[in-house]
Amino acid sequence: MQKFVITGGAPLNGEVRIAGAKNAVLKMMAAAVLTDEPVTLRNVPRISDVVILRELMSDIGFEVRRSNGDALEIRALEAPWPFVPLEAAVKMRASFILLGPMLARFGRVILPNPGGDRIGRRPVDFHVEAMQRMGATIAYRNGYYFAATPRDGLRGAHVTFPRVTVMGTENVILAATLARGTTVIDNAALEPEVDDLIALLGDMGGRVARTGERRIEVEGVDRLGGAEHRVLGDRLEAETFAIAAAITRGDVTLRGVDPRHLGAFLEVAERMGVPLEADAEAGLIHVRCRDSAPLRPVDVRTDPYPGFATDFQAPLSVLLTQADGVSTIHETIFEDRLDHARELVKMGADIELLGTQRARITGPTPLHGAEVGIADLRAGATLILAGLAATGTSVVSGIEHVDRGYEQIEAKLVALGARINRIEA
Ligand code: EPZ
């Protein structure tokens, strides 16, 4: 097992290049299943979730290989073994994104109930019900979904999600590209990663368009072709480095991300008084906190995009421990995503939990080093941020969860002046 040892207190300064978005690239890898021609993705982050999905797709029988540094080439000729093993799925919920493309292209797949972060119950009923509306038969036995289409494949359908679901929207889009007729998705997700997936599918010959507020229409086509696509920058990695700059009173320029995708975060940062400038044309954000005034407290509620991202309330809470007054966080997407609070309290934070979805954070409280750890990607990043701000040394365990979604996080932080080491423990 590996851990990070962090000695806090060093202000971060310099430039950091933001990697391609995890929550886009995984769905784009799945999109490559829809064609027998090669799909090349560029700006692919070196994160363990990509490695897991790559191995899983190779086991099914597809060619997936890294080339030219940040590119990934995928060729899905046949699926001799349309089966996703449990070991892979427990590591990554996104494995379930193969349901739609496998059904659309090969007519069958066996997938386990997926795993992922420990952030509460995460059912897949919306995905399953949508595929059933499109004509698939899906049986659940012994932890596995056995899914198949009729002989003439999936048919277009009208799907209205009971609540906004990112991967549910993406799974239906992927399935519908090769279905007979038109599919209408209502209450669809608006995340920029969904739009980037729609752009890739367009390049592959798919007919997918946003046609109304939270409505997407997909006209099925007979076949899709190969394409090359550059994955958009990771807004969550960008937000993490913006907080790292602010919490250490540093001066950091983030490159390779579109600030328009961080609207809700930038608005909260502005309300708190974090000095930053964004340039959408240049794809950069400059966080300048060297001599900034004390931070103001805020009340934040998570919501589907364009609201404040659930993935980002935990990292923000570290900054709120340094604001002057009482802040609140209301997590509305997941039932149980405030576990990091317990670890932050060990480091000196004053956080009161009101149930499992609300937290009250009183600041400013100096943070001090401690031994902390948590089995979740964004909460792991949160503890790293706290370690950077704390006096003394912190030891953060559970970093395999951080490696799932952050490319070489410690190398990027060290280049900005942080004191962080990865150790074998
Ligand atoms: C995506 O998960 C992201 N993962 C998550 O990012 C992110 O937290 C989440 O969207 C919300 O923005 C990927 O894109 C791989 P949902 P997803 O379906 O699509 C409920 C990170 O840190 N729901 O939008 O799986 C669900 O329980 C990760 O990068 C059902 O009830 O989330 C939740 O309450 C972690 N039934 C809500 O909908 C379903 O069938 C939204 O979840 C599906 C979802």
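It should be noted that the structure appears before, not after, this text.
We now turn to the structure provided with this report. Values in this document were obtained by computation on a predicted structure and should not be read as measured data.

Focus: the sheet that holds strand β18 (residues 325-330)
Adjacent strands of a sheet pair through backbone hydrogen bonds, lying either parallel or antiparallel.
Phase 1: If you trace the four strands from one edge of the open sheet to the other, you get β17-β18-β20-β19, paired in mixed fashion. A single partner strand is all that each edge strand has here, and the edge strands are β17 (299-301) and β19 (350-354). The average undirected angle you get between the axes of adjacent strands in this sheet is 15 degrees.
Phase 2: Two strands pair when backbone bridges link them, and β18 and strand β20 (residues 358-363) are joined in this way by six bridges, in the antiparallel orientation. The residue of β20 that forms the bridge with Val 326 is Thr 362.
Phase 3: Lying on the sheet, helix α10 (residues 313-320) is in contact with β17, β18 and β20; it crosses β18 at an angle near 175 degrees.

Considerations on helix α2 (residues 48-60)
Phase 1: Its 13 residues place the ends of α2 19 Å apart at the C-alpha level, agreeing with the 18 Å of an ideal helix rising 1.5 Å per residue.
Phase 2: For α2, the complete set of buried residues consists of Asp 49, Val 50, Ile 52, Leu 53, Leu 56, Met 57 and Ile 60. The buried residues of α2 all sit within an arc of 160 degrees when viewed along its axis, so they share a single face.
Phase 3: Those residues of α2 that are buried are in contact with α1 (22-31), β4 (63-67), β5 (71-75), α3 (86-91) and α4 (99-106).

Comments concerning the layout of surface pockets
Where empty space is left in the structure can be found by rolling a water-sized probe over the atoms.
Phase 1: Looking at the largest pocket, its volume works out to about 1,100 Å³.
Phase 2: Forming the boundary of the largest pocket are 50 residues, of which Arg 122, Val 166, Thr 310, Ile 333 and Phe 334 lie nearest the centre.
Phase 3: The element contributing the most residues to the lining of the largest pocket is α1, with four residues.
Phase 4: Here the lining of the largest pocket is built from residues that sort into 21 nonpolar, eight polar and 21 charged.

Quick word on the pairing of strand β12 (residues 215-219)
Phase 1: Burial along β12 is one-sided: the residues Ile 216 and Val 218 are buried and none of Arg 215, Glu 217 and Glu 219 is.
Phase 2: Two strands pair when backbone bridges link them, and strand β10 (residues 182-186) and β12 are joined in this way by five bridges, in the antiparallel orientation. By the bridge assignment for β12, Thr 183 is matched with Val 218.
Phase 3: Pairing analysis gives five bridges linking strand β11 (residues 207-212) to β12, with the strands arranged antiparallel. Among the inter-strand pairings, Val 208 is bridged to a residue of β12, identified as Val 218.

Quick notes on the rules
- Residues numbered from 1 in each chain as written.
- Predicted model: local features only at pLDDT ≥ 70, side-chain atom pairs only at ≥ 80, totals over all residues.
- Heavy atoms only, no water.
- Pairing = 2+ DSSP bridges.
- Helix = DSSP H or I, 4+ residues; strand = E, 2+ residues; numbered from the N terminus.
- Axes fitted to C-alpha atoms, helices over the stretch in contact; angles between N-to-C directions.
- Contact = heavy atoms within 4.5 Å.
- Expected span 1.5 Å × (residues − 1).
- Buried < 20%, exposed > 50% of the residue type's maximum accessible area, 1.4 Å probe, protein only.
- Arc of directions from axis to C-beta.
- 1 Å grid on protein atoms, 1.4 Å probe; cavity = no way out; pocket = protein on both sides within 12 Å on 5 of 7 lines; lining within 4 Å.
- Points joined across faces, edges and corners; volume = space filled by probe spheres on them.
- Nonpolar A, V, L, I, M, F, W, Y, C, P; charged D, E, K, R; others polar.

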